[in-house]
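Residue-level structure breakdown
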Amino acid sequence: MKKILSLILVLGMTFSLVACGSGAASETPAASEGGETGSAEAAETEASGGESADGKNRIALLISAVSSVDDKAFNTACWVGMNRFCDENPEYTCTYFQPTEDTVEAQVSICDAAVAGGAEFIVVAADQFKVSLLEMSRAYPDVKFLSIEAAPQTIDGEVSIEDNVQVVTYKAEQSGFFAGYAAVKEGYRSLGTIGGMAVPGVIQYMYGFVKGADVAAEEMGLDDVTVKYTYAGNFEASPENQAKAAAWYQSGTEVIFAVASVMNNSIFAAAEENGNVVAMGCDANQNEISEKVLTSALKDTENTTYNSLTAWKDGTMETGEIVEMGCAEQACGLAMDGARFQKFTQEEYEALFERVANNEDGIADSIPDDSAYEDPTQIPVNAITLDYIK
């Protein structure tokens, strides 16, 4: 029996992550280094479980200007994977860097700062780094790069992967599919999904959510399922984004699938203030963030990061290629640990997981990814009504 390995994120982590991006600036004004004080020492002692003999952080995480290392989602999962590796290998320490803006110049500058600080392995955890990553990998051929969800490319969009880069992508549409399917099977009829920005990783989840809801509604013979769909235009946890989600709940939306990094917290807060409604998280197990989180759609970025670091240490890291991972690789799914379903069962989930992992009757092939359509209105649906709000 195949079963997704859930990411367990301890919300009360002993290392301090809250002040990411607000610490002291590095030599370049566009780069800020992690740790509550902004110092490499804070990042080492609080986040790695050891201190390198030469005082250098040999492993670094680069995140985008619009996100946060303590998003309790994608970035946090990468960070936890790095720290797990460092805990087990105390000769390594790690830190993170965040630019003040997502320009190629600013992104390259934080890579420069990381390498100057001793980085030999750099994890890039943002789609926004596609162009800068190519420049970074060519500038530092002796540094290994793990790029999660971002294939390096030229300014013209031509993908080019250097021999020191491993790219891992996820079939996040499969995880989104499970979320949409489960929402309908749980009894919800008025669904919504709010994404941060229309970038590939977000679109995948949301397209999958639409398709999953449609498949479940068709299986159940329903004709009253609706799905609202929109992008907020940012990933910020803000009163404005909370108000947007609250307005949806107040107009009848019963469940919102949140695909927006730290903005997910705004959607969870809106659910907490609006009665008998729920939300769904993404990227990591966000079920414990709020009692209103029904479940979370997963990408196993923690283990991806940890396994890549282990392979690098062992000299077996495969680079110069894109590795795509989904259910068949046990890398996508739903967080059933701590889920709050009343009707949708573990047995139903496992059966559906098997169907998708094995592509039974072409079900996996039918789930659209981000490249399938220009916008969600083009997704073929048979039983639901989709309301795309631009």
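This text follows the structure it describes.
An account of the accompanying structure is given in this report. (Residues numbered from 1 in each chain as written. Predicted model: local features only at pLDDT ≥ 70, side-chain atom pairs only at ≥ 80, totals over all residues. Heavy atoms only, no water.)

Okay, the packing of aromatic side chains next. The full count for this structure, using the stated rule, is 16 aromatic pairs. When the centroid spacing of 5.5 Å and the interplanar angle of 85° are considered together, the rings of Tyr229 and Tyr388 count as edge-to-face. With Tyr229 in strand 8 (residues 225-231) and Tyr388 in strand 14 (residues 384-388), the pair connects residues that are 159 residues apart, well separated along the chain. Residue classification places Tyr229 among the buried positions, given a relative accessible area of 0%. Taken together, the aromatic side chains of Phe177, Phe178, Tyr181, Phe341, Phe344, Tyr349 and Phe353 make up a single cluster linked through ring pairs. The ring of Tyr306 has Arg84 sitting right over it, with the charged end atom 3.9 Å from the ring centre. (Phe/Tyr/Trp six-rings, centres within 6.5 Å; stacked < 30°, edge-to-face > 60°. Helix = DSSP H or I, 4+ residues; strand = E, 2+ residues; numbered from the N terminus. Buried < 20%, exposed > 50% of the residue type's maximum accessible area, 1.4 Å probe, protein only. Lys NZ or Arg CZ within 6 Å of the ring centre and 35° of its normal.)

Extensive coverage of helix 8 (residues 264-272) is indicated by the burial of seven of its nine residues. Every buried residue of helix 8 is listed here: Asn264, Ser266, Ile267, Phe268, Ala269, Ala270 and Ala271. Those residues of helix 8 that are buried are in contact with strand 7 (190-195), helix 7 (239-250), strand 9 (255-259), strand 10 (278-283) and strand 11 (293-299). (Contact = heavy atoms within 4.5 Å.)

Taking 1.5 Å per residue, twelve residues should reach 16 Å; helix 10 (residues 346-357) reaches 16 Å between its end C-alpha atoms and fits that length. Along helix 10, the residues that are buried comprise Tyr349, Glu350, Leu352, Phe353, Glu354, Val356 and Ala357. Structurally, helix 10 contributes buried residues whose contacts are with helix 5 (172-185) and strand 13 (332-334). Positive backbone phi, at 55°, marks Asn359, one or two positions downstream of helix 10. (Expected span 1.5 Å × (residues − 1).)

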